[in-house]
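The chain contents come next:
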Amino acid sequence: MESFYITTAIDYVNGSPHLGHAYEKVLTDVIARFRRQMGDKVHFLTGTDEHGQKVQASAKKRGIPPQQFADEVSAEFQALLPKLTISNDDFIRTTQERHKKVVRQILQQLFDKGEIYKAEYKGFYSTRQEQFLQEKDRNPDGTWPEIFGEVTEIVEANYFFKLKQYQDWLVEFLTKNENFIFPAYRQKQVVEFLKEPLNDLCISRPKERLEWGISLPFDEDYVTYVWFDALLNYYAAVIDQPDIWREAHHVIGKDILVPPHAVYWPIMLHAAGLPIPKQLIVHGWWMQRGAKMSKSTGNALNPLDLVAEFGADAFRYFLIREMNVGQDSDFTREQFLVRYNSELANNLGNLVNRTLNMTTRFAGGVLPAAEVEEDLEKNLRALWEKTSAELIPLSEGFQFHTALERAMVFLTETNAYIEKRAPWKLGKSTEEKDQALLRTSLATMAEALRLAVAAMQHVIPTSAAKINAVLGYTPGAVWRDELVWGRKLNGAKGESTLVLFPRPQPPEKAPAPAKS
Ligand code: MSP
């Protein structure tokens, strides 16, 4: 059994979770469930990033100690996970001793090796980004980009990590590991970024400016820069399991790729003599009204509202179906409703109900075996064979949206098959040939449903389990085998109804076509 270690970014606890955070959890969960289905021994980590200026400032605003503030918001992030049916194995908080201990250990080790030095720094500092700026960060007109907030000039002594000396190593590493970053065009952007010389990284903040952090083990007057602290969570959580660490995959948003995950992180690990992660999987942003969904923009949606209204599976389905991993997507309620109604309620929900109703009506609730395959059945089976052959490679390449689209086409064709086969007509005939065809049609629609559900079970786990239960079916342990068209439901005793995606909304009225 192969190990597969997967992590999400750890969320800042300066505000409540929004849809962007929820998406990252769902995407990572879909990858984790998919890998488990493929037989891997998966370890799935998520958590919260609790130190730094932003959290200190938010706590101050509320007039409570930062730890209390962090406890409250971290609890909100933790409470979201079961609501989204996230199957994480661990949850790490950067204020936990297990994390702080590793951060101190690595800092001391790098300090002892001479990788960290103290120097006077004079320059511009962005409090919002907790980052020192360079001339090249300015707008062409000399002002500072909006994202940096207020920028002030400061002079102070700080500790620096010798990043620059590893620039050539990193370029070589990326050349040798072409698939380090998914999508591939993001890796090209990193290589481009590395054409400019790197600066050493300031990894400390004097306590008089920022208290809320991990003290440097070699100088108590300073706390650790929040990114140096946060990145180490991935390693800290599995410190005693080196085999797991070697299989690390990090799911992150595009805003935190360069420089933290693509530059600082591999160099930090390399300097500390530790293995580099296998892959960074970089997703895009959920946008609303043309802007990145975020708390500060005020356009953030609360994922809990959508889950309360439509259920976790519909929410998960929409996010995964709509977004091509790596690119941005606009979130609109209209589009959510279109997919909810046409794909889940109509395509999947109707097939479930038709299968159960007709099996009850024509076969006393016991799923019969297929007997006389004709062209209609053969064509549907051929479509499944084509579909199923694509599912694994698509999912291995994180093309979950396309895999779902294929499953939907198959469901549409299955519903079309039922229309053409018209079991209700066959049910009226007493001829044995028609009765055999009727039994075949019931077996065919049930088998098609079982297969479509197997194809989507990592995205809609709760509905998949419910559908299998009403089909009287317990899936086997080997997922690949579940994707094979067979006679698995032969003789299973089904239920008569299942309400899966209730309250279907009327589809938004399409605008009338313009008259020419
Ligand atoms: N704390 C850092 C990450 C440290 S990882 C060692 C951080 N936190 S965050 O709360 O701002 O963002 C957490 C994750 O959510 C990031 O991967 C970020 O890209 C993602 N998202 C935040 N808003 C998003 C959207 N609107 N859309 C999709 N994901 C986005 O960065």
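If you're wondering where the values come from, they're calculated on a predicted model, not measured in any experiment.

1. What about helix α6 (residues 184-193)?
Then, in step 1: Those residues of α6 that sit buried are Arg 186, Gln 187 and Val 190. Taken end-on, α6 shows its buried residues confined to a sector of 105°, consistent with a single buried face.
Then, in step 2: Residues of α6 that are buried make contact with α5 (167-176), β8 (181-182), α10 (257-271) and β14 (279-283).

2. Observations regarding the sheet that holds strand β15 (residues 286-288)
Then, in step 1: Spatial ordering of the open sheet is given by β16-β15-β17, a layout of three strands whose pairing is mixed. The open sheet has two edge strands with one neighbour each: β16 (291-292) and β17 (329-330).

3. A look at the site of the ligand
Then, in step 1: Ile 10, Glu 24, Asp 49, Asp 255 and Met 293 are the nearest of the 25 residues found near the ligand.
Then, in step 2: At 3.3 Å from an oxygen atom of the ligand is found a side-chain nitrogen or oxygen belonging to His 21.
Then, in step 3: For the ligand, a nitrogen atom lies 2.7 Å from a polar atom in the side chain of Asp 49.
Then, in step 4: Looking at the shell around the ligand, the elements with two or more residues in it are β2 (11-12), α1 (19-37), α7 (226-231), α8 (233-236) and β13 (248-253).
Then, in step 5: When the residues that make up the shell around the ligand are grouped by side-chain class, the tally is 12 nonpolar, eight polar and five charged.

4. What about the packing of aromatic side chains?
Then, in step 1: Following the criterion strictly, the structure yields 29 aromatic pairs and no others.
Then, in step 2: Here Trp 286 and Phe 331 contribute two aromatic rings whose centre-to-centre distance is 6.0 Å and whose plane-to-plane angle is 70°, an arrangement assigned as edge-to-face. Taken together, the residues Trp 286 in strand β15 and Phe 331 in the loop between β17 and α13 (333-363) connect sequence positions 45 residues apart. Assigned by exposure class, Trp 286 and Phe 331 land together as buried.
Then, in step 3: By the ring-pair criterion, three or more aromatic residues cluster together here, those being Tyr 23, Trp 286, Phe 310, Phe 318, Phe 331, Phe 336, Tyr 340 and Phe 501.
Then, in step 4: Over the face of the ring belonging to Tyr 125 we find Arg 209, whose NZ or CZ atom lies 4.3 Å from the ring centre.

5. A word on the environment of Leu 216
Then, in step 1: For Leu 216, the location among the structural elements is in strand β11 (residues 215-216).
Then, in step 2: Sequence-wise, Leu 216 and Val 103 are 113 residues apart; in three dimensions their C-alpha atoms are separated by 9.0 Å.
Then, in step 3: Those residues in contact with Leu 216 that lie beyond four places of it in its chain are Leu 107, Tyr 159, Ile 203, Ser 204, Tyr 222, Val 223 and Thr 224.

6. Some remarks on the sheet that holds strand β9 (residues 201-202)
Then, in step 1: Taken in spatial order, the four strands make up an open sheet running β6-β5-β7-β9, and their pairing is antiparallel. The strands lining the two open edges of the sheet, one partner per strand, are β6 (131-133) and β9.
Then, in step 2: By the bridge criterion, three bridges tie strand β5 (residues 116-126) to β6 in an arrangement that is antiparallel. When the sheet's bridge partners are listed, Ser 126 is paired in β6 with Gln 131.

Scoring rules and cut-offs
- Counting starts from 1 at the beginning of each chain's written sequence and moves along it residue by residue.
- Local features in a predicted model are, by the rule used here, given only for residues with pLDDT of at least 70; side-chain atom pairs are given and counted only at 80 or more, and totals for whole chains, interfaces and linings are based on all residues.
- Values reported for side chains reflect all heavy atoms of the structure, with hydrogen atoms and water molecules removed beforehand.
- A simple rule labels every residue: compare its accessible area, found with a 1.4 Å probe on the protein chains alone, to the largest value its type can have, and call it buried under 20%, exposed over 50%, or partly exposed in between.
- Strands here are runs of E lasting at least two residues and helices are runs of H or I lasting at least four, both read from the DSSP assignment and numbered beginning at the N terminus.
- An arc is given here, and it is the one of the directions from the helix axis to the C-beta atoms.
- Residues are treated as being in contact if the distance between any of their heavy atoms lies within 4.5 Å.
- Pairing between two strands requires that DSSP report at least two bridges joining them.
- Distances are taken per atom, and a residue is near a molecule or strand as soon as one of its heavy atoms is within 4 Å of it.
- Throughout this description, a polar contact denotes any pair of N or O atoms lying within 3.5 Å of each other; where both atoms belong to protein, one of them has to be capable of donating a hydrogen while the other can accept it, and for residues adjacent in sequence the pair is counted only when both atoms sit in side chains.
- Residue classes follow a fixed rule: Ala, Val, Leu, Ile, Met, Phe, Trp, Tyr, Cys and Pro count as nonpolar, while Asp, Glu, Lys and Arg count as charged, and any other residue, Gly among them, counts as polar.
- Under the pairing criterion, centres of Phe, Tyr and Trp rings, with the six-membered ring standing for Trp, must be within 6.5 Å; the plane angle then separates stacked pairs below 30 degrees from edge-to-face pairs above 60, leaving the rest tilted.
- In this scheme, Lys NZ or Arg CZ marks a charge over a ring once it lies within 6 Å of the ring centre and within 35 degrees of the ring normal.

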